[in-house]
Amino acid sequence: MLEAVTNAALTNLLAPAILFFALGALAGWAKSDLTIPDQAAKALSLYLMLCIGFKGGVEARVSGVNQDLLASGALGLAFSFLTPFAAFLVLRRLCNLERTTAAATAAHYGSVSVVTFAAGSEYLRAIGVEFSGHMAAVLALMETPAILAALLIVGSNARDPGTTFKPDLWREVLLNGAAVLLIGSFVIGLLTGEAGMQKLSGFVAGPAFQGALCLFLLDMGLVATRRLQETRAIRLGLVAFAVIWPILSGIAALFAARAVGLSLGDMTLFAVLAASASYIAVPAAMRLALPKADAGVYIPMSLAMTFPFNLILGVPLYHAAAQLLGG
Amino acid sequence: MLEAVTNAALTNLLAPAILFFALGALAGWAKSDLTIPDQAAKALSLYLMLCIGFKGGVEARVSGVNQDLLASGALGLAFSFLTPFAAFLVLRRLCNLERTTAAATAAHYGSVSVVTFAAGSEYLRAIGVEFSGHMAAVLALMETPAILAALLIVGSNARDPGTTFKPDLWREVLLNGAAVLLIGSFVIGLLTGEAGMQKLSGFVAGPAFQGALCLFLLDMGLVATRRLQETRAIRLGLVAFAVIWPILSGIAALFAARAVGLSLGDMTLFAVLAASASYIAVPAAMRLALPKADAGVYIPMSLAMTFPFNLILGVPLYHAAAQLLGG
Amino acid sequence: MLEAVTNAALTNLLAPAILFFALGALAGWAKSDLTIPDQAAKALSLYLMLCIGFKGGVEARVSGVNQDLLASGALGLAFSFLTPFAAFLVLRRLCNLERTTAAATAAHYGSVSVVTFAAGSEYLRAIGVEFSGHMAAVLALMETPAILAALLIVGSNARDPGTTFKPDLWREVLLNGAAVLLIGSFVIGLLTGEAGMQKLSGFVAGPAFQGALCLFLLDMGLVATRRLQETRAIRLGLVAFAVIWPILSGIAALFAARAVGLSLGDMTLFAVLAASASYIAVPAAMRLALPKADAGVYIPMSLAMTFPFNLILGVPLYHAAAQLLGG
Amino acid sequence: MNLTPKKKLDIFIETHALARLEAMLGEVGFKGWSVFTGVEGSGLHGAWRQTGIVEGEARLVIAIGTEAACDAALLWLADYFKSYPGVVAVSDVGVMRGDRF
Amino acid sequence: MNLTPKKKLDIFIETHALARLEAMLGEVGFKGWSVFTGVEGSGLHGAWRQTGIVEGEARLVIAIGTEAACDAALLWLADYFKSYPGVVAVSDVGVMRGDRF
Amino acid sequence: MNLTPKKKLDIFIETHALARLEAMLGEVGFKGWSVFTGVEGSGLHGAWRQTGIVEGEARLVIAIGTEAACDAALLWLADYFKSYPGVVAVSDVGVMRGDRF
Ligand SMILES: Nc1ncnc2c1ncn2[C@@H]1O[C@H](COP(=O)(O)O)[C@@H](O)[C@H]1O
Ligand SMILES: Nc1ncnc2c1ncn2[C@@H]1O[C@H](COP(=O)(O)O)[C@@H](O)[C@H]1O
Ligand SMILES: Nc1ncnc2c1ncn2[C@@H]1O[C@H](COP(=O)(O)O)[C@@H](O)[C@H]1O
Ligand code: NA
Ligand code: NA
Ligand code: NA
């Protein structure tokens, strides 16, 4: 078993995308002046979401709206909304995090990371394990509920009582760009099906997607290491949380996924989603909703600790565990 | 006949590119924070022009410089230069637009929209109707004459008589980036022919082009709706013009195109060009040449009314009309 | 022989990439407002480096680490480090350049241009001449030594003696983004080999690469001509250097390459590298290390004179000379 | 040159508040403003950098107007800054065509 | 610190006039200036936003110089602004090495 | 509005010095600053333009702080500008919540 995991991890490690992440991390760590222009990075990230949503939609149309889709969708919503409550308790009690920051951090871990999902899918593709297109919809569904959970946790004292400024919270939360683009592309994939795929296959899949993922991961490596270096005091408890929580969350997700009867590939991807932490939609929402929460805690945790862990070790680990569980 | 149009419109509606435009429009309308970085949008638009020009040039080389090219080129120049005079009268008399703004708006409608042309070509490709590569040259030729027409209409009182500042008008008008890139790429396509196409086919055509068009139309949807929402008072007369003028102009173009004997596909594309309104080259020229014209009128009209109309309904409509006319 | 060179130059001239460069140059010269957004240009340049490095690494893995690699690597290091001393003397004595500026300019000519290398490779590919993947590593190795040479030449009086500010020179010089990305991608190509190439082939090679090169060269044409127009006084001696030095340097490189027994393709590419001048890594290093050197001299020379010369005439010339030398 | 004294606000603020801020500026009497994007910065709420990945980004809004408009905007900003990051600085400027501000 | 008083111009202007403006600044005696891109703005001529599609865009030109250079630039701008959108604000700044301005 | 007088620095500087400059600002007592990217400019060292190819680029660092912090920063900058391109301008601004600067 251990050998299998090690082999799998090694295969994963030698994927170009992972190596480009490592290159970025190394360059950032050595303080090279290599940088990807911010608008190019943003465009890449939109492109990746468009591809993931669209491909998922096309595949979901092929396989039809079935019970698996409903089951995994419901599971995704539940995980995104419920796990932040548990994460909050752990962050408060065991990591001694201040209340608002704990809630904001919990929201990050309830929500998901698009690129971790992409890396997970590519891993499965590389080792020849099938998965359902509708997992892209689950990804989209899991972006937002965690934010609501955090708002519930903090309750009415989210903002300074003295202020009269009321942000347009619901719009930002429900209509954040990532969720809109993922769901929208999924629906477009659903509507256009194979005909649409024929037109766009070389754009949304294959080398173009792989290459964009490499470039984006290169930038993620640069940004993550730089962010880590700027972080003043890294508390051990938070590092532990950033690595252990994803494992626990991923394993819980595997059990739940098996219970509702998902396939091996879908189980793995669901674990990847549960284990991943947001670094796009949730930080944006938190700046608006919980401005007193410390971004110097949740950004380095999700971006510079949990993300690399999942990318490099987590993905093959969750897949090995899914196999063990007989997915 | 009506049924045929409806079916065609439906086919068009289910093209991924159109659906991405709708997604953008919806997201913009719901005030989602989804945005495409401006430099990425600009780069996409340059890329689309390069592809259109180059492909047109290669195809024109294959078919040779023939009478059709000369006829459609002359027709394009004439339409671009002459229709603004008629549009100006209508905008002055029927829409009560102020003189300078009417002239500037007329110039937008005499000129053309590259993306509408791209959408029209893709529509024809999707339904299997052939068209000539040199229509891309006609597109390029039609960009500029309308601007000259507007300058003639307004005459010497274009700028404040009190000022001594003289903008470098001719250069901006004749050498605007869009025209230079379109014509330049066309010529490069002409020069390199099939050999060049072999090198670049996967870059300028197929999924790459389709995908870029989708992404750009997503952004067009976002920008158009946002622009519309910011427009203070939308006057009914102008909305009517923005929809009816393209139809009239398109139909006039069909008759003219049939008269000179263009093929069905070329007729359709020529109608699309005549019906489309500029939102890149002409606004830039107007800011320079007619600074007193109200951009709050001509931008929403061409970008947020005429463009979506042509994209969604106009293109299949002009094609159906071209068939009726026995193109 | 002359006829062969002329024919070769003509073939080169009709490559789409060269024509797009000409288009950009023309548009820039005519002061068209065509511009490529700066972040898009930066992203394109990173993309080109990633592709060149990666492809080189994959091919180097296929052919194995052999003597040729070591020989051409050593030769590259030597040329990059040693030629600046000679160039410095010429620039001081024959071109009367001020000491610091002469050293900085010499560094540019010792170092290399990634896009000239790309154009050279494409030229060889187009005429069917093989070359080794490890030439990409030679390219990367040649970026930096020339900078060290310039520092040695200027010695301790590089900065104003009055200042106490010490820039972080070594990091900037050794870890400049271009070198890191080239070497990193090369290593990733080495590590992933054919398996990696299978995933990324359509991204790093073929039409995608060719198209990106066209777009980038279009921008190079625009930027180079604009830079030239802004240059106050162009001294004849410097123009002569910008054209003659590359030829001499290229021919010297051919002799050296033949001496160590490189193949015809590798000889040509090594000459291209020796003849090319940096306009990314070296200017950045010089701003830091030799701030008193005049960027108004070395940028126009390397970007607006030597680069076009090599691109259009130099590449076929060096190849013809390599053939003459019996490569 | 005949210049009229006006006030200039330099407002550093997060992107999400931009639409609200601009609406407010219009309401309190500013007839114009301009918005710029920062690339990085630092403040009491920590440092940020625009990367395109984690989008912590701040905008600089420059608004030139009358003293009255300026005071009203400061009132709004004082309330806003109780909860949210950002700073504002006021300075004296001279403008031509003073009635257009 | 020993500072010399100078004038600072903040010029908001459309992109198409940039080359002319810079040439003028050089002619009237400015030895330097810097140009920034706005992302959106509003004024008497309406609101604009830089989208990459419809390119309504404004630049901010910051130029520090002598009072004489400043007055000459204002004269040119007064004429220019008769036809074209834009505003300029003048303020007092202190600089080191005053003779380099 | 109750405003406290502070000093504002507008520092035009090349990108490579940014990290050093920011570290210095923190050390001499600035509690915040913001950085912007220029698109082109001109000065004694010649003109530059940000193209994405040859990356001559300058940044504008705006830092608001106390007079003491400002003086210390000027000292550092005076030394830096002996070798490197760039300028700095100092102006008076008023801020709310003066103790946060
Ligand atoms: N003293 C300052 N000078 C210039 N910009 C500042 C200053 N303080 C804060 N800022 C900007 O405003 C943002 C938010 O400030 P803060 O609320 O202090 O974190 C910072 O990230 C900076 O971009
Ligand atoms: N009061 C103001 N404060 C700051 N920027 C302004 C102001 N008025 C105008 N601008 C800028 O200058 C541009 C043109 O102004 P206007 O001619 O008033 O339309 C606007 O779009 C703004 O970007
Ligand atoms: N008088 C000035 N006003 C505004 N910006 C300036 C001025 N002088 C220099 N700069 C900026 O600082 C950079 C370096 O200046 P210099 O050292 O004079 O070449 C220039 O390229 C401009 O971007
Ligand atoms: Na999660
Ligand atoms: Na038209
Ligand atoms: Na060289």
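Position numbers for residues count from 1 along each chain, tracking the sequence in the order it is written. Key to labels: chains lettered from A, ligands numbered from 1, both in the order written. Totals for whole chains, interfaces and linings use all residues, but because this is a predicted model, local features are given only for residues with pLDDT of at least 70 and pairs of side-chain atoms are given and counted only at 80 or more. Computation of side-chain values covers all heavy atoms of the structure but excludes hydrogens and water.

**Student:** Quick question: what am I supposed to make of the coordination of the sodium ion (ligand 4) here?
**Tutor:** In an ideal tetrahedron of four donors about a metal, each angle is 109.5 degrees. In an ideal octahedron of six donors, the angles are 90 or 180 degrees. All names here are of chain A. Distances define the donors: N, O and S atoms within 2.8 Å of the metal qualify, as do those within 3.2 Å of Na, K or Ca. Water is excluded, so some sites may look unfinished. Surrounding the sodium ion (ligand 4) are the protein donor atoms Tyr109 (O), Ser111 (O), Leu273 (O), Ala274 (O) and Ser276 (O), which sit 2.4 to 2.9 Å from the metal. The sequence pattern describing where the donors of the sodium ion (ligand 4) fall on their chain is Y-x1-S-x161-L-A-x1-S. Linking tyrosine 109 in helix H5 (residues 99-110) with leucine 273 in helix H13 (residues 264-275), this pair joins segments that are 164 residues apart in sequence. You'll find tyrosine 109 and leucine 273 in the same group, each marked buried. We count a stretch as a helix when DSSP gives it H or I for four or more residues in a row; a strand needs E for two or more, and each element gets its number in order from the N terminus. Buried residues are those whose accessible area, probed at 1.4 Å on protein chains only, stays under 20% of the maximum for their type, while exposed residues exceed 50% and partly exposed ones sit between those limits.

**Student:** Could you clarify how one ought to interpret the relation of the copies chain E and chain F in this entry?
**Tutor:** The two chain copies are related to each other by a rotation about an axis together with a translation along it. Overlay of chain E on chain F (RMSD 0.0 Å): rotation 120 degrees, translation along the axis 0.0 Å. Both copies are brought into coincidence by an operation consistent with a three-fold rotation axis. Each copy contacts the other with its own distinct surface, as only 13% of the interface residues of chain E are interface residues in chain F too. Here the copies were fitted onto each other by least squares, based on C-alpha atoms from residues at pLDDT of at least 70 in both. Two residues qualify as a contact provided that any one of their heavy atoms is within 4.5 Å of a heavy atom in the partner residue.

**Student:** Explanation requested: the interface of chain A and chain C in the structure shown.
**Tutor:** The interface is formed by 27 residues belonging to chain A together with 23 residues belonging to chain C. Across the chain A to chain C interface the summed buried area is about 2,200 Å²; carbon plus sulfur atoms make up 75%. Whenever two N or O atoms come within 3.5 Å, that pair is a polar contact, provided that in protein one can donate a hydrogen and the other can accept it, and provided that, for residues adjacent in sequence, both atoms are side-chain atoms. Counting across the interface, chain A meets chain C through five residue pairs in polar contact (both at pLDDT 80 or more). Broken down by element, the residue count for the side of chain A that touches chain C peaks at eight residues, all from helix H11 (residues 207-230) of chain A. Here the side of chain A that touches chain C is built from residues that sort into 19 nonpolar, five polar and three charged. Using a 1.4 Å probe, buried area is obtained as the accessible area two parts lose upon being combined, added over both of them. Residues were grouped as follows: Ala, Val, Leu, Ile, Met, Phe, Trp, Tyr, Cys and Pro as nonpolar; Asp, Glu, Lys and Arg as charged; and all remaining residues, including Gly, as polar.

**Student:** What am I meant to see in the site of ligand 2 here?
**Tutor:** Any residue with a non-hydrogen atom lying within 4 Å of a molecule or strand is treated as near it. Residues in close proximity to ligand 2 total 18 residues, the closest being Ser34(D), Arg100(D), Leu44(E), His45(E) and Trp48(E). Positioned at a junction of chains, ligand 2 has nearby residues supplied by chains D and E. Residue Arg100(D) places a side-chain N or O atom 2.9 Å away from an oxygen atom belonging to ligand 2. Within the side chain of His45(E), an N or O atom sits 2.8 Å from an oxygen atom of ligand 2. A total of 470 Å² of accessible area belongs to ligand 2 in isolation, and the protein chains cover 97% of it. If you list the elements that add at least two residues to the shell around ligand 2, you get strand E2 (33-37) and strand E5 (58-65) of chain D together with strand E3 (40-43) and strand E6 (86-95) of chain E. Residue classes in the shell around ligand 2 are distributed as ten nonpolar, seven polar and one charged. Here the Shrake-Rupley method, with its probe set to 1.4 Å, supplies the accessible areas, and only the displayed protein chains count as covering residues.

**Student:** How do you make sense of the relation of the copies chain A and chain C when you look at a structure like this?
**Tutor:** Superposition of chain A onto chain C requires a rotation of 120 degrees combined with a translation of 0.0 Å along the rotation axis, giving an RMSD of 0.0 Å. The fraction of interface residues of chain A whose copies in chain C are also interface residues is only 4%, indicating that the copies meet through different surfaces.

**Student:** For this particular structure, what's the right way to read the coordination of the sodium ion (ligand 5)?
**Tutor:** Residue and element names in this part refer to chain B. Binding of the sodium ion (ligand 5) to the protein goes through Tyr109 (O), Ser111 (O), Leu273 (O), Ala274 (O) and Ser276 (O), at separations of 2.4 to 2.9 Å. Along the chain, the residues that donate to the sodium ion (ligand 5) are spaced as Y-x1-S-x161-L-A-x1-S. On the criterion of sequence distance, the pair formed by tyrosine 109 in helix H5 (residues 99-110) and serine 276 in the loop between helix H13 (264-275) and helix H14 (281-289) is long-range, its members being 167 residues apart. The burial state of tyrosine 109 is the same as that of serine 276; both residues are buried.

**Student:** Sorry if this is basic, but what is going on with the layout of surface pockets here?
**Tutor:** Vacant regions in the atomic arrangement are exposed by a probe of water-molecule size rolled over the atoms. Only protein atoms enter the 1 Å grid used here. Points where a 1.4 Å probe fits but cannot escape make up a cavity, open sets with protein on both sides within 12 Å along at least five of seven lines make up a pocket, and a residue lines them when an atom lies within 4 Å of a point. Grid points are joined across faces, edges and corners, and a volume is the space filled by probe spheres set on the points. If you add up the space inside the second largest pocket, you get close to 1,300 Å³. Taken together, 42 residues make up the lining of the second largest pocket; nearest its centre are Leu44(A), Phe203(A), Phe203(B), Leu44(C) and Phe203(C). A per-class count over the lining of the second largest pocket returns 35 nonpolar, seven polar and no charged.

**Student:** Teacher, can you tell me more about helix H3 (residues 38-63) of chain A here?
**Tutor:** Residues spaced three or four apart along an α-helix face the same direction, because each turn holds 3.6 residues. Multiplying one less than the number of residues by 1.5 Å gives the expected span of a helix. Along its 26 residues, H3(A) runs 38 Å from first to last C-alpha, staying within 8% of the 38 Å computed at 1.5 Å per residue. Counting buried residues along H3(A), 21 of its 26 residues qualify, which places the element largely inside the surrounding structure.

**Student:** Sorry, what's going on with the site of ligand 3 here?
**Tutor:** Neighbouring residues of ligand 3: 18 residues in total, closest Ser34(E), Ile64(E), Leu44(F), His45(F) and Trp48(F). One nitrogen or oxygen atom from the side chain of His45(F) is found 2.8 Å from an oxygen atom belonging to ligand 3. Separating an oxygen atom of ligand 3 from a backbone N or O atom of Gly86(F) is a distance of 2.9 Å. When ligand 3 sits alone it has 470 Å² of accessible area, and the protein chains cover 96% of it. Only strand E2 (33-37) and strand E5 (58-65) of chain E together with strand E3 (40-43) and strand E6 (86-95) of chain F provide two or more residues apiece to the shell around ligand 3.

**Student:** Honestly, the interface of chain E and chain F in this entry has me stumped. Any pointers?
**Tutor:** Bring the parts together and some accessible area is lost; that lost area is often taken as the interface size. The partner chain F presents 26 residues to the 23 residues of chain E that form the contact. Surface buried jointly by chain E and chain F totals about 1,900 Å² across both partners, of which 63% is contributed by carbon and sulfur atoms. Within this document, salt bridges are pairs made up of a side-chain nitrogen of Lys or Arg and a carboxyl oxygen of Asp or Glu, the two lying within 4 Å of each other. Our count for the chain E to chain F interface comes out at one salt bridge. The salt bridge partner of Asp10(F) is Lys8(E), with a shortest N-O separation of 3.1 Å. Summed over the shared surface of chain E and chain F, the result is six residue pairs in polar contact (both at pLDDT 80 or more). Elements with a minimum of two residues in the side of chain E that touches chain F: helix H1 (18-28), E2, E5 and E6 of chain E. Think of it this way: DSSP has to see at least two bridges between two strands before they count as a pair. Where E6(E) lies against E6(F), two bridges are found, and the strand directions are antiparallel. From the neighbouring strand, Val95(E) faces E6(F), where its bridge partner is Ala89(F).

**Student:** Where do I start with the arrangement of the chains in this structure?
**Tutor:** Of all C-alpha pairs spanning chain B and chain D, none lies closer than 9 Å, and the two are not in contact. The two partners chain C and chain E share no contact, and the minimum distance between any of their C-alpha atoms is 9 Å.

**Student:** Help me out: how do you make sense of the nonpolar core in this one?
**Tutor:** Side chains that are nonpolar tend, in soluble globular proteins, to be buried together. We call a set of buried Ala, Val, Leu, Ile, Met, Phe, Trp, Tyr and Cys residues a nonpolar core when their side-chain atoms join them within 4.5 Å. Ranked by internal contacts, the top residues of the largest apolar core, which has 379 residues, are Met286(A) and Met286(C). Setting aside anything within four residues of it in sequence, one finds Met286(C) in contact with Ala104(C), Ala107(C), His108(C), Ile147(C), Ala150(C), Pro291(C) and Tyr298(C). If you look at the next biggest cluster of nonpolar residues, it comprises 30 residues, including Phe12(E), Ile62(E), Leu60(F) and Ala89(F).

**Student:** Sorry if this is basic, but what is going on with the confidence of the model for chain A here?
**Tutor:** The predicted coordinates should not be examined in detail at positions where pLDDT is low. Within a predicted model, pLDDT stands for the predictor's per-residue confidence, ranging from 0 to 100. Taken as a whole, chain A shows an average pLDDT of 93; of its residues, 97% reach a score of 70 or greater. The least confident element of chain A, judged by mean pLDDT, is helix H1 (residues 2-13) of chain A at 78; the most confident is H13(A) at 98.

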